[in-house]
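# Report on the structure
Residues per chain are reported as follows:
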Amino acid sequence: MRFLVLALALAMPLVGWLSNTGLLGPTNGEISARYPTLIVAAGYAFAIWGPIFLLDVVFGIAQARVREPGTRLQRIRVLTAAGFALTSLWMVVFTLQWFWLALAIIWGSLGCLLGAAWLASQTRHHRRGPWWQWLPLSLHAGWVSLAVFLNVAQVVVAFELLSVDRMLPWTLVLFALAGTLLVTAIVKLRGNPWYAAAAVWGLLGVHAKQHAATLPGAGVAANVALALAVLVVLATLATLWFGRRGPRPQRTG
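Heads up: these notes are all about the structure in this document. Nothing here was measured: the structure is a model prediction, and the numbers come from that model.

Within the chain one finds nine helices and zero strands. The principal-axis extents of the C-alpha atoms in the chain amount to approximately 55 × 45 × 25 Å. Expressed as a percentage of the 253 residues in the chain, the buried residues total 50%. A separation threshold of at least 6 residues defines the contact pool for the chain, and within that pool the share at least 24 residues apart is 80%. Per element, the accessible surface of the chain, about 11900 Å² overall, is 67% carbon and sulfur.

Attention shifts here to empty space enclosed by the protein. Considering all chains together, one arrives at one cavity of 30 Å³ or more under this definition. The volume enclosed by the largest cavity comes to roughly 50 Å³. Among the secondary structure elements, those contributing two or more residues to the lining of the largest cavity are α4 (71-95) and α5 (99-120). Counting residues per element, the lining of the largest cavity draws most heavily on α4, which supplies three residues. Broken down by class, the residue content of the lining of the largest cavity amounts to five nonpolar, two polar and no charged.

Inspection of every chain in the model, using the stated rule, returns eleven aromatic pairs. A ring pair is formed by tryptophan 49 and phenylalanine 53, whose centres lie 5.2 Å apart and whose planes are at 25°; its orientation type is stacked. Placement of the pair is tryptophan 49 and phenylalanine 53 together in helix α3 (residues 49-64), with a separation of four residues, close to one helical turn. An identical accessibility class is assigned to tryptophan 49 and phenylalanine 53; each is buried. Through a chain of ring-to-ring contacts, three or more aromatic side chains come together here, namely Tyr35, Trp90, Phe94, Phe99, Trp100 and Phe159.

Here the focus is the packing of helix α1 (residues 2-21) against α3. The angle between the axes and the distance between the axes are what describe a pair of packed helices. Between α1 and α3, whose axes approach to 8 Å, the crossing angle comes to 165°. Taken as axis vectors, α1 and α3 run roughly antiparallel relative to one another. As for how α1 packs across α3, the hand of that crossing is left-handed. When α1 is examined against α3, the residues Arg2, Val5, Leu6, Ala9, Leu10, Met12 and Pro13 are found in contact with a partner set consisting of Phe53, Asp56, Val57, Phe59, Gly60, Ile61, Gln63 and Ala64.

Time to look at the environment of proline 26. Assignment of secondary structure puts proline 26 in the loop between α1 and α2 (28-34). Given the relative accessible area of 17%, proline 26 is considered buried. Beyond its immediate stretch of four places on either side in the chain, proline 26 contacts Ser19, Ile31, Arg34, Thr95 and Gln97.

Definitions and limits used
- Residues numbered from 1 in each chain as written.
- Predicted model: local features only at pLDDT ≥ 70, side-chain atom pairs only at ≥ 80, totals over all residues.
- Heavy atoms only, no water.
- Helix = DSSP H or I, 4+ residues; strand = E, 2+ residues; numbered from the N terminus.
- Buried < 20%, exposed > 50% of the residue type's maximum accessible area, 1.4 Å probe, protein only.
- Contact = heavy atoms within 4.5 Å.
- Areas by Shrake-Rupley, 256 points an atom, 1.4 Å probe, with all protein chains shown as cover.
- 1 Å grid on protein atoms, 1.4 Å probe; cavity = no way out; pocket = protein on both sides within 12 Å on 5 of 7 lines; lining within 4 Å.
- Points joined across faces, edges and corners; volume = space filled by probe spheres on them.
- Nonpolar A, V, L, I, M, F, W, Y, C, P; charged D, E, K, R; others polar.
- Phe/Tyr/Trp six-rings, centres within 6.5 Å; stacked < 30°, edge-to-face > 60°.
- Axes fitted to C-alpha atoms, helices over the stretch in contact; angles between N-to-C directions.
- Parallel < 35°, antiparallel > 145°, perpendicular 65-115°, else oblique.
- Left-handed = near helix turned anticlockwise from the far one by under 90°.

The structure is reproduced here in structure tokens:
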């Protein structure tokens, strides 16, 4: 399993490079331009995949060196193997524009990555794991927690499930759901700053994109994204503050 996790960590940047060369089909940027939404982020925000992939490889190498893992690392390995595999699969499927399947895959990857980040973070049940677990998995989970809602919006627009002329009402619902997920995860992860940092980065990217967009409701969407970024920061600081005043978690295997 440890070598499978390493192989899957190495595969993600390779698949990402292939999907962005256009060999598999339209790039993510081209697809986003084809189906514009009020919750998509600016192009520069997606550069976060670089640090995410690099840190996931660091995690893959570090965990491969542990020959006798405890129960906790064994569970993290299973979840990250699934999460990494689904991430690579999503890049291929999204490029092929199989949007419904891509949506199911990205939600599956989020579940796996959130579970792995929870196991690596300090919670009520266990102390934080080593940085090579905690940082990479938290950053990856934080970005995907926002990306799933970008995917939902693109599916809505691609299949015209809701109005594409008045996107603001249903986009506000997506923002509310995203905020609920992010704040809940931050509380569960005891104010994990790397999870929050990825989410804030994405929300600021949404703000920048929508602030310059001309779609109806883009200005409101930009302000909502900025407000959510502030909310995530405040929730993180509050959770860290109250966490220090509470009882310390007991060590587990």
